[in-house]
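Survey of secondary and tertiary structure
Spelled out, the chains give:
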Amino acid sequence: MRLFAWLAPGAGPPDPRGYFSQQEAGRGALWGAFWGAGRGCRKGGFSRRDFKAGFQGGAGVVAGAGNYRCGQGLAAERIKARHMAIERTLSIIKPDATRRNLTGKINAKFEEAGLRIVAQKRIFLSLAQAQKFYEVHKDRPFFGELTEFMASEPVVVQVLEGEGAIAKNREVMGATNPANADDGTIRKEFALSVGENSVHGSDAPETAAEEIAYFFSGLELVG
Ligand code: CMP
């Protein structure tokens, strides 16, 4: 029963790249051989068309083997890509840190963790720009304090790049409240309070894309 199912013509469309599957190739070879043998038998000899049928069957096997190897290669590439997702995330070195001249020390933490700084600039945010950036927190009680602080002195905005950069940056930064941050993290070592916590980092791929676009044009990102 399984053999009949296997021999039946495939229901689905062929691979969009024009490859035969292993099954299609094997089926082609078998049908080609039967058709060629049947015709040769009927006529008591083999014509050019009979050879062509046999040849197409054989070509199917070769194409099938090639497709199988190609499929293995593509699967390996996909697995590799999943484990090596290079991401970009937005980072801000906040006014409490720029005021204390900590930009270099904080950047060293990023670089030691394998994050590359692919864009960076020191800017002075207006209150309106800080409010727009932190719009998602506009109903929180600390919104006023947060945005006035962010517009009080220069900040350094930067794009960090690396494998799993979003999660890695959050690991390097430590918990939002420095009292809860792990040893060795930026916030544990440098932050003054939950408000003046030295750094900001994007929390997900969608927000990273939005936050990067808020401060940088594509031309400014040099990987
Ligand atoms: P950040 O990662 O920049 O995202 C939002 C910020 O709000 C957060 O870091 C803190 O600095 C700030 N924040 C969160 N909770 C408080 C709070 N209770 N008081 C003041 N600021 C806060």
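Right above here is the structure, for reference.
Reading the values: the criteria
Residues numbered from 1 in each chain as written. Predicted model: local features only at pLDDT ≥ 70, side-chain atom pairs only at ≥ 80, totals over all residues. Heavy atoms only, no water. Near = heavy atom within 4 Å. Polar contact = N/O pair within 3.5 Å; in protein donor to acceptor, adjacent residues only side chain to side chain. Nonpolar A, V, L, I, M, F, W, Y, C, P; charged D, E, K, R; others polar. Phe/Tyr/Trp six-rings, centres within 6.5 Å; stacked < 30°, edge-to-face > 60°. Helix = DSSP H or I, 4+ residues; strand = E, 2+ residues; numbered from the N terminus. Buried < 20%, exposed > 50% of the residue type's maximum accessible area, 1.4 Å probe, protein only. Core = buried A, V, L, I, M, F, W, Y, C linked by side-chain atoms within 4.5 Å. Contact = heavy atoms within 4.5 Å.

Taken together, K94, Y134, H137, F142, E145, L146, T176, R187, V194, G195, N197 and H200 make up all the residues around the ligand. Note that an oxygen atom of the ligand is positioned 2.7 Å from one of the side-chain N or O atoms of K94. Here the shell around the ligand is built from residues that sort into 4 nonpolar, 5 polar and 3 charged.

The next point concerns the packing of aromatic side chains. Enumeration according to the criterion identifies 4 aromatic pairs in this entry. Seen in terms of ring centroids, F133 and Y214 are 5.8 Å apart; in terms of plane orientation they differ by 45°. Their pairing is tilted. Here Y214 lies in helix α10 (residues 205-215) and F133 lies in helix α6 (residues 127-133), a separation of 81 residues in the sequence. The exposure class of F133 is buried, given its relative accessible area of 11%.

This next bit is on the nonpolar core. In this structure, L90, I92, M150, V159, F215 and F216 are the most contacted members of the largest nonpolar core, which totals 19 residues. Residue assignment for this core shows that the elements contributing at least two residues are β1 (86-93), β2 (116-123), α6, α7 (143-150), β3 (155-163) and α10. M150 has contacts with I92, K94, P95, L125, A130, Y134 and V155, leaving out every residue within four places of it along the chain. Membership of the second largest hydrophobic core comes to 14 residues, among which are I93, L102, V156 and V172.

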